[in-house]
Amino acid sequence: MKPSRVRRLSRVGLTLAGSAALALLAGCADLRYYWQSASGHLGLMRAARPVPEWLHDSGTSEALKAKLELAQRIRRFAVTELGLPDNPSYTAYADLHRSAAIWNVVAAPPYSLTLKTWCFPVAGCVGYRGYYDEAAARAEAGALREQGLEAAAYPVPAYSTLGWMNWAGGDPLLSTFIGYPEGELARIVFHELAHQVVYVAGDTMFNESFATAVERLGGARWLRTQAGAAAREEYAQFDARRQQFRALTARTRRVLTDVYASKAAQEQDWATVDAQKNAAMDDFRRRYAELRAGWSGPRQGAYDGWVARANNALFGAQAAYDHLVPGFEALFEREGRDWPRFYAAVKRLAALPQDQRLQALRADEAPPAAAGLPAAAPPHPQQQQQGGPGA
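Note that the coordinates shown come from a computational prediction; the quantities given were computed from them, not determined experimentally.

K.L.:
Whenever I open this one, the state of the cysteines confuses me. Can you help?
P.N.:
Structurally, a disulfide amounts to a covalent bond that connects the sulfur atoms of two cysteines. Scanning the entire structure with this criterion turns up one disulfide. Here C119 engages in a disulfide with C125; their sulfurs sit 1.9 Å apart. Disulfide C119-C125: the torsion about the S-S bond is 95 degrees, which places it as right-handed.

Listed below in structure tokens is the structure:
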């Protein structure tokens, strides 16, 4: 390893360790959690090498080289066409030798889709807690279930450090998502870079819906102007399924929300509420089975695991990624589909109190029909929810 890289990583280690100490003093969580967070991210950065090194390495497979070259074209497109930050992020690559970058833990009460939150120094209060070790994440989810909450741990392929680590090399491309199909690879890069444009501490739904809108708008433009027919066809086939699944989950969230706000719930008639909740979940799984029966080919069962584990926590987490997307898409149209103007408008919204941000975005949630864009959708099933430290 080059001396300059050693010094850089040493500074990273000190920075992360310092952040952990500050977090502990702030009373956010215990030292062990922050230590795994700091050391986990440091390990990820140690594994990263500049993309040109991988491309000139005889041990790099031709398939990986092709993906890395594609990712660099996507990265340049993000800057030149979408106005996303031009910095070191996604110009290096790390092979993590595991299936996910981190595992997120989410939890919600038995009769609510409102997520439990955890508070962090930079990210603010968010509805998830990330772990670099899968066993630790599952243990945390189990502990939350023992407290009477509905909980889940799910894999996350990427997360954003919000640009805070660009001085040390930025966020790298990862083995956990580099193999995605072209359209999905473009979406995830655009999503994570969007977090470096606007991020409001403590407002997960605003942040994630904004990044999802950028990934969808930018992804549609990439596919329309840069991708070949095969990539567009592959994306269209899966995205049609994703839209169907998104519509089904949105419908189920509405039903569950109504159940939890019903007269029976207000009167604490939990037997009736449980019966209505179970009926809603049974209907969700029946409708999913009907959808799945109409699908064929690769990734037919891509959502099976999510459906099998579906609970209040997963429904609540999913809502953060698509609930406000139509409002952001409408804002993009009102700003003349001009990226700098759009980002400036989003920053103005970010400066408002949370209730005013929400009201402004909901004022015109239906995206214009002329936009020609796919409906808001949950993430690619391989990636589940994007998140983690600052995501």
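Alright, that's what it looks like, and here's the rest.
K.L.:
Even after reading the chapter, I still don't get the layout of surface pockets, so can you show me in this structure?
P.N.:
Which parts of space are left empty comes out when a probe the size of a water molecule is rolled across the atoms. Put simply, the largest pocket is a space of about 820 Å³. M205, G316, A319, A320 and H323 are the residues nearest the centre of the largest pocket, which is lined by 32 residues in total. Elements supplying a minimum of two residues to the lining of the largest pocket: β5 (124–126), α7 (204–225), α8 (229–260), α12 (312–322) and α15 (354–362). The residue inventory of the lining of the largest pocket, partitioned by class, reads 15 nonpolar, nine polar and eight charged.

K.L.:
Where do I start with the packing of helix α6 (residues 182–194) against α8 in this structure?
P.N.:
Packed helices, taken two at a time, are described by the angle their axes make and the gap between the axes. Taken N-terminus to C-terminus, the directions of α6 and α8 make an angle of 70 degrees; their axes are 8 Å apart at the nearest point. Classed by the angle they form, the pair α6 and α8 counts as roughly perpendicular. Each of E182, G183, E184 and R187 in α6 lies in contact with α8, whose residues at this interface are A231, Y235, F238, D239 and R242. Its residues assigned to classes, the contact of α6 with α8 comprises three nonpolar, one polar and five charged.

K.L.:
Looking at this model, I keep getting lost on the sheet that holds strand β1 (residues 48–50). Mind explaining?
P.N.:
Strands pair in a sheet through their backbones, by hydrogen bonds, and they do so in one of two ways: parallel or antiparallel. In space, the three strands of this open sheet follow the order β1-β2-β8, with mixed pairing throughout. The strands lining the two open edges of the sheet, one partner per strand, are β1 and β8 (173–174). In the sheet, strand β2 (residues 92–94) pairs with β8 via two bridges, with the strands oriented parallel. Residue pairing across strands places Y93 opposite L173, the latter belonging to β8.

Procedures and definitions
- Residues numbered from 1 in each chain as written.
- Predicted model: local features only at pLDDT ≥ 70, side-chain atom pairs only at ≥ 80, totals over all residues.
- Heavy atoms only, no water.
- Disulfide = S-S within 2.5 Å.
- 1 Å grid on protein atoms, 1.4 Å probe; cavity = no way out; pocket = protein on both sides within 12 Å on 5 of 7 lines; lining within 4 Å.
- Points joined across faces, edges and corners; volume = space filled by probe spheres on them.
- Helix = DSSP H or I, 4+ residues; strand = E, 2+ residues; numbered from the N terminus.
- Nonpolar A, V, L, I, M, F, W, Y, C, P; charged D, E, K, R; others polar.
- Axes fitted to C-alpha atoms, helices over the stretch in contact; angles between N-to-C directions.
- Parallel < 35°, antiparallel > 145°, perpendicular 65-115°, else oblique.
- Contact = heavy atoms within 4.5 Å.
- Pairing = 2+ DSSP bridges.

So, to be careful, I would describe these as geometric facts and stop short of saying anything about function.
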